[in-house]
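Chain and residue survey
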Amino acid sequence: MFNTALTLSDLVFLAKGAGMTLLVTAISVSLGTILGIIFGIFRFQVGPVWAAPVTFLLDVFRSIPLLIQLVLANAFFGMVLKLNLTGLAVACGVLTLYTAAYCAEIVRGAVEAVPTTTRRAARSLGMTWLQDMTHIVLPLATRVALPSWIGLALGVMKDSALVYIVQVTELLKSTQILITRLQEPLLLLMLCGAFYFIISFPIARLGGYLERRLSND
Amino acid sequence: MFGYTFQWGQAVKWLPQMLEGAWVTMEIAILSMLIGIAVAILFTSFRQTKSRILNGIVTTWVEIARNTPALFQIYMAHFGIASFGIHFSPFVSLLIGITFNNVGYLTENFRGAMKAIPDTQTRAARSLGLSAPQAFAFVVMPQMLRIAFLPASNQMVWAILMTSLGVTVGMNSDLYGVTQDLNSVTFRTFELFAIAAVIFYVITKTIQIGARLLAARLFRY
Amino acid sequence: MIEIINVRKSFGPLEVLKGINLTVKKGEVLTVIGGSGSGKSTLLTCINGLEKIDSGKILVDGTEVHAKSTDLNKLRRKLGIVFQQWNAFPHLTVLENVMLAPRKVLGQSRSDAEAMAVDQLSHVGLGDKLNVYPSRLSGGQQQRMAIARALAMSPDYMLFDEVTSALDPQLVGEVLDTLRMLASEGMTMICVTHEMKFAREVSDRVAFFHKGVVAEIAVPEDIFSHPKDPDLQKFLSATH
């Protein structure tokens, strides 16, 4: 169908880019989620006043372009601190905090959605704060948070397309390199888009399904 | 403490130029939202029809917009369309890319808002003799607006943030583009982008707070 | 005059109206009683064309409701309807709720519509609630507002679909008083209701619906004191 100069080694090159996209996403989402849970519970636990500095800091990550966050982090570590960090480390570091900022919001909302009466009941049975958290709050809050968290993870995967700016060759950057060389933008972009779509679409559907199921009962 | 001397004074000199860039950023975001809302309303009405073609167009658009990176969409608008011999300026490509993304998310937003208005509202309006378009315009739509308003203001914030991607298709008059150009002359990367970050922060916060205040005024019921 | 001639209506496999024949004359108050699922409410939404019918005819002043050539929006101006769920428009004040249709459908000027709306709202006892939003009203007040909203179109007929069923018991009285007032003013009304005492008091005739047909129709005295239909006898003893 297509008359293309695309070779097998080009496809391998693209696949490597896709692998990098998945790697950056996996690292950032896992670390960011752990941090996000900690920040989220912290914010809920100490109340809005004491949490204000954390709230403000996390909000910054949601209020300025990711591209600028990456450039700033890179400049800060490279030019200011003169540390020799790899692009991958900077990319994962920034995306982790970016994920944590959104995740903390989701976690706080989900924990707040657990009725106080349920928690009182747990504590009345003699459970400690930690037991209440692990046996009552976490299972209930997870149900509420899961659909949004899936959306967040997919969002981070899509946003990871920006880490090219710190010299990480992920999928979209690999595509662009090939476009420059082969001058076949449409085919290459469609391949690249299809990859994101094939991963994102079914998982997003699953998220939507979970959300509907949870809101029904 | 650092082996790097910050030169804020020098960087601040460039502020007027950056603020001009910020204005272009606002223009693109506002335009992309206005067009995006118009198309999303059109798409919402398409979804009310039983036409497979119309519904197919909407679904395809919405799913691609939501399941691929915004940067990909902007590339597509610039390099993808260019392979059909149509060459857009960076400004137009960026506007198309962001608008495409906006339409996807806004259409979903409107669909949710639509579902939240009970059928009985339309029935009541029709019983009073209002035609279907009148019932939609005077009864359903104003109520939808309330539900869709804050999510739409979030999309506006996204649109602002997405303008930074224009640099990848050669855009250099928006805030990010101006900053990048200044950086290539002065190499004060940290200072310049820190100032840009503050400007972006002020813009997004203003939108968020403005939207809250406006919502409180508009929707008093 | 509303004429209902051999009307049938199904929802999927379920036939809710199995050949209804009824006539309501100008100035008459007809109440419709019967168990739930007997098709009473469906009939009202068929009369104003919100529901289609499978066969038969409904004529309002000689105009066939379900004929293709009928302008339903025009026809509905003659037919006020109030539902069990009052369906206040939450984004409009009480006054604006009542003004909407006269303005948009009848094309009245703002001042005319407002004067009319104030009249109707005062009539149902809401003269002091003009500028509040419906969410601030009790169920009974919202239901009276819905009545005023329908009356503002100066309809020739009013259809009431179990208008007190969703109300707290202590609020039922104020709404029934409004209906009594309308009946005494000579409004032509069809009331689907569960309030037997009310039906007995205000009706010129009472129709008992059972399993999709009019099982018995007569003056209230006959229906309540000398019911003939065995199902009606059972129904009445169950409601007392």
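Residues numbered from 1 in each chain as written. Chains lettered and ligands numbered in written order. Predicted model: local features only at pLDDT ≥ 70, side-chain atom pairs only at ≥ 80, totals over all residues. Heavy atoms only, no water.

1. So, the overall build of chain A
A tally of helices and strands in chain A yields eight helices and zero strands. Ordering the α and β elements of chain A from the N terminus gives α-α-α-α-α-α-α-α. For chain A, the residues scored as buried account for 47% of the 217 residues in total. Sequence-distant contacts, at least 24 apart, represent 79% of the contacts inside chain A between residues at least 6 apart. In the form shown here, chain A has an accessible surface area of approximately 10,900 Å², with 70% of it arising from carbon and sulfur atoms. Averaging the positions of the 15 positive and the 10 negative side-chain charges in chain A gives two centres separated by 4 Å. (Helix = DSSP H or I, 4+ residues; strand = E, 2+ residues; numbered from the N terminus. Buried < 20%, exposed > 50% of the residue type's maximum accessible area, 1.4 Å probe, protein only. Contact = heavy atoms within 4.5 Å. Areas by Shrake-Rupley, 256 points an atom, 1.4 Å probe, with all protein chains shown as cover. Lys, Arg positive; Asp, Glu negative; His and termini not counted. Charge placed at Lys NZ, Arg CZ, Asp CG, Glu CD.)

2. Section: the environment of B:Ser131
If you trace the backbone, B:Ser131 turns up in the loop between helix H6 (119–127) and helix H7 (132–162). Residue class for B:Ser131 comes out buried when judged on its relative accessible area of 18%. In this structure, the C-alpha to C-alpha distance between B:Ser131 and B:Gln143, residues twelve residues apart in sequence, is 18 Å. Those residues within four positions of B:Ser131 in sequence are excluded, and the remaining contacts are B:Arg126 and C:Asn73.

3. Let's talk about the packing of aromatic side chains
Inspection of every chain in the model, using the stated rule, returns 17 aromatic pairs over all chains. Aromatic pair A:Phe197 and A:Phe201: ring centres 5.0 Å apart, planes at 10°, arrangement stacked. Of the two residues, A:Phe197 and A:Phe201 are both situated in helix H8 (residues 185–216); the distance of four residues between them amounts to about one turn of the helix. Residue classification places A:Phe201 among the partly exposed positions, given a relative accessible area of 24%. Ring centres of B:Tyr221 and C:Tyr133 lie 6.1 Å apart, and the angle between their planes is 45°; on these two criteria the pair is classed as tilted. With one member in each of two chains, B:Tyr221 in the segment after helix H9 (189–218) and C:Tyr133 in the loop between helix H4 (110–123) and helix H5 (139–151) form a pair that bridges those chains. The exposure class of C:Tyr133 is partly exposed, given its relative accessible area of 21%. One cation-aromatic arrangement involves A:Arg62 over A:Tyr102; the distance from NZ or CZ to the ring centre is 5.8 Å. (Phe/Tyr/Trp six-rings, centres within 6.5 Å; stacked < 30°, edge-to-face > 60°. Lys NZ or Arg CZ within 6 Å of the ring centre and 35° of its normal.)

4. Comments concerning the sheet that holds strand E5 (residues 63–64) of chain C
Strand pairing in a sheet takes place through backbone hydrogen bonds and is either antiparallel or parallel in direction. Residue and element names in this part refer to chain C. Across the sheet, four strands lie side by side as E2-E1-E4-E5; this open sheet has antiparallel pairing. A strand with exactly one partner marks an edge of an open sheet, and here the two such strands are strand E2 (14–24) and E5. Looking at chain direction, strand E4 (residues 55–60) and E5 are connected through two bridges and run antiparallel. Considered in E5, the bridge of Val60 is made with Thr63. (Pairing = 2+ DSSP bridges.)

5. A short note on the pattern of salt bridges
As enumerated under the stated definition, the model contains 24 salt bridges over all chains in all. Among the ionic pairs, A:Arg205 bridges to B:Glu63, the shortest N-O distance being 3.6 Å. With A:Arg205 in helix H8 and B:Glu63 in helix H3 (residues 52–67), the pair connects residues from two separate chains. Take A:Arg205: its relative accessible area is 46%, and that puts it in the partly exposed class. (Salt bridge = Lys/Arg side-chain N within 4 Å of Asp/Glu carboxyl O.)

6. What about the interface of chain B and chain A?
Between chain B and chain A, the contact holds 37 residues from the first and 39 residues from the second. Between chain B and chain A, roughly 3,300 Å² of surface is buried when both sides are summed, and carbon and sulfur atoms account for 75% of that area. Its largest share of buried area at the contact with chain A, chain B owes to B:Asn67, B:Phe190 and B:Tyr201, together 17% of the area lost on that side. At the junction of chain B and chain A, the tally comes to two salt bridges. Among the ionic pairs, B:Lys205 bridges to A:Asp59, the shortest N-O distance being 2.4 Å. (Buried area = accessible area lost by both parts, 1.4 Å probe.)

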